[in-house]
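# Architecture at a glance
Each chain is listed here by its residues.
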Amino acid sequence: MEPVIDAFRLGMIITERCNAACRHCWFSSGPDRGREMSLKEAEAYIDQAGEIPSIRYISFTGGEPFLLPEMLLRLVRYASDIGLHTECVTNSFWASTEGAAEKMLKRLVDSGLEVINLSVDDFHQSLIPFERVLNSYRVARRLGLKIVLMCATSKSSRIRIEEVKRMLGDEDIYIIGRGEERGYPQVIAMEMGFIPAGRGAEIPEEEWLKGSGPLEGGCQAVLRDIAVAPGGRVLPCCSAAGTIEDLSIGNARVKRLKDILEEAWRRPIFKLLSDRGPLGLAVIFENRALSYVNKCHLCYDILKALGKEG
């Protein structure tokens, strides 16, 4: 029986470069990272995603995708024109005024953008003035974009998700996991402990928010919320574990995404992660202390250990 492909989103890491080098970044993005996709390469990956019926979303991310604004506009239009929903992830550095934010976001909305994902937390705001997040938020709200607020936290964080809601001055923000479900709100907000991987691995353990997310249960992201990096490397998930070199599932320059996913679902490790989650890797997990931030942190640690042991 052929594997069932149920990937729902492709993250397009159009650049590894970022104007900020946040100390928690598990992808270690920053001004010194130079790899990026060409327009032709990115369009080819979108075409491949369009061949997979279950993929409905393209998320343009990085790095900081707004460092390539003209390319971003063209790719949003390209994906929208073939019927895919589109999202952009950003730190809002470009929103120096509401006017600047309006100019950028109006063009993206006219190109088909539906969702904007804004990073807002102590890590980002140590480098990006909060006023820029506020500018992008207010304009996105007026333009009718769906907004996702992502807040990465540590034990000493001052900006927690409730504080984000207060600073933005919007009582209609729906915080996931903090109350009753509410239909289809325009703005949703999520808080999670930072994952100590990449640059974040340098942050002392006493800052980890251990137990901020569950460790039990299967993973709903593996081979479902996938990503492709400059050069074509396909990552099996959108979190830190996807950066482990040995976990790469193929290269979209060499083979089509549909074929890569079909082959990946035949690998026992991905079936196990999907069904049982990282706790299912018991042979590695045995006798380990439960000192993890969340399931993604546990998965990263176990898979990194598996790679070292060959």
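Quick summary incoming for the structure in this document. (Residues numbered from 1 in each chain as written. Predicted model: local features only at pLDDT ≥ 70, side-chain atom pairs only at ≥ 80, totals over all residues. Heavy atoms only, no water.)

### As for the state of the cysteines
- Scanning the model with the defined rule gives 0 disulfides in all.
- Note on Cys238: no disulfide assigned, nearest cysteine sulfur contributed by Cys237 at a separation of 5.9 Å.
- In this structure Cys299 is not part of a disulfide, and its nearest cysteine sulfur, from Cys237, lies 6.4 Å away.
- Residue class for Cys299 comes out buried when judged on its relative accessible area of 12%. (Disulfide = S-S within 2.5 Å. Buried < 20%, exposed > 50% of the residue type's maximum accessible area, 1.4 Å probe, protein only.)

### Quick word on the sheet that holds strand 10 (residues 250–251)
- If you walk across this open sheet you meet the 10 strands as 6-7-5-4-3-2-1-8-9-10, and the pairing is mixed. With one partner strand each, in any of the chains shown, strand 6 (174–175) and strand 10 form the two edges of the open sheet.
- Relative to strand 10, strand 9 (residues 233–235) runs antiparallel, the two being bridged by 2 bridges. In the strand pairing of strand 10, Val234 is matched with Gly250. (Pairing = 2+ DSSP bridges. Helix = DSSP H or I, 4+ residues; strand = E, 2+ residues; numbered from the N terminus.)

### Looking at the packing of aromatic side chains
- Counted by the stated rule, this structure contains 3 aromatic pairs.
- Ring geometry for Trp26 against Phe27: centres 6.1 Å apart, planes inclined by 80°, an arrangement best described as edge-to-face.
- You can call Trp26 partly exposed: its relative accessible area is 28%.
- When the ring of Phe66 is compared with that of Trp94, the centres are 4.5 Å apart and the planes differ by 5°; the resulting orientation is stacked. Separated by 28 residues along the polypeptide, Phe66 in the loop between strand 2 (57–61) and helix 2 (69–81) and Trp94 in the loop between strand 3 (85–90) and helix 3 (98–111) bring together distant segments of the chain. Exposure class is identical for Phe66 and Trp94. Each is buried.
- For the cation-ring pair, Arg33 lies above Phe27, with the distance from its terminal atom to the ring centre recorded as 5.3 Å. (Phe/Tyr/Trp six-rings, centres within 6.5 Å; stacked < 30°, edge-to-face > 60°. Lys NZ or Arg CZ within 6 Å of the ring centre and 35° of its normal.)

### Thoughts on the pairing of strand 1 (residues 9–13)
- Within strand 1, 4 of the 5 residues are buried, leaving the element largely enclosed by the surrounding structure.
- Pairing of strand 1 with strand 2 involves 5 bridges; the strand directions are parallel. Following the sheet pairing, Ile13 is matched in strand 2 by Thr61.
- Crossover strand 1 to strand 2 through helix 1 (residues 39–50) is right-handed. (Right-handed = clockwise from strand over helix to strand, strands pointing away.)

### Comments concerning the pattern of salt bridges
- The full count for this structure, using the stated rule, is 24 salt bridges.
- Across the pair Arg142 and Glu102 runs a salt bridge, and its minimum N-O distance is 3.1 Å. Of the two residues, Arg142 is situated in helix 5 (residues 130–143) and Glu102 in helix 3; the sequence distance between them amounts to 40 residues.
- Residue Asp170 pairs with Arg141 through a salt bridge whose shortest N-O separation is 2.7 Å. Residue Asp170 is located in the loop between helix 6 (161–168) and strand 6, and its partner Arg141 is located in helix 5; the two are separated by 29 residues in the primary sequence.
- Its relative accessible area of 10% is what places Asp170 among the buried residues.
- Taken together, the shared-partner salt bridges in this structure form one network comprising Glu98, Glu102, Arg138 and Arg142. (Salt bridge = Lys/Arg side-chain N within 4 Å of Asp/Glu carboxyl O.)

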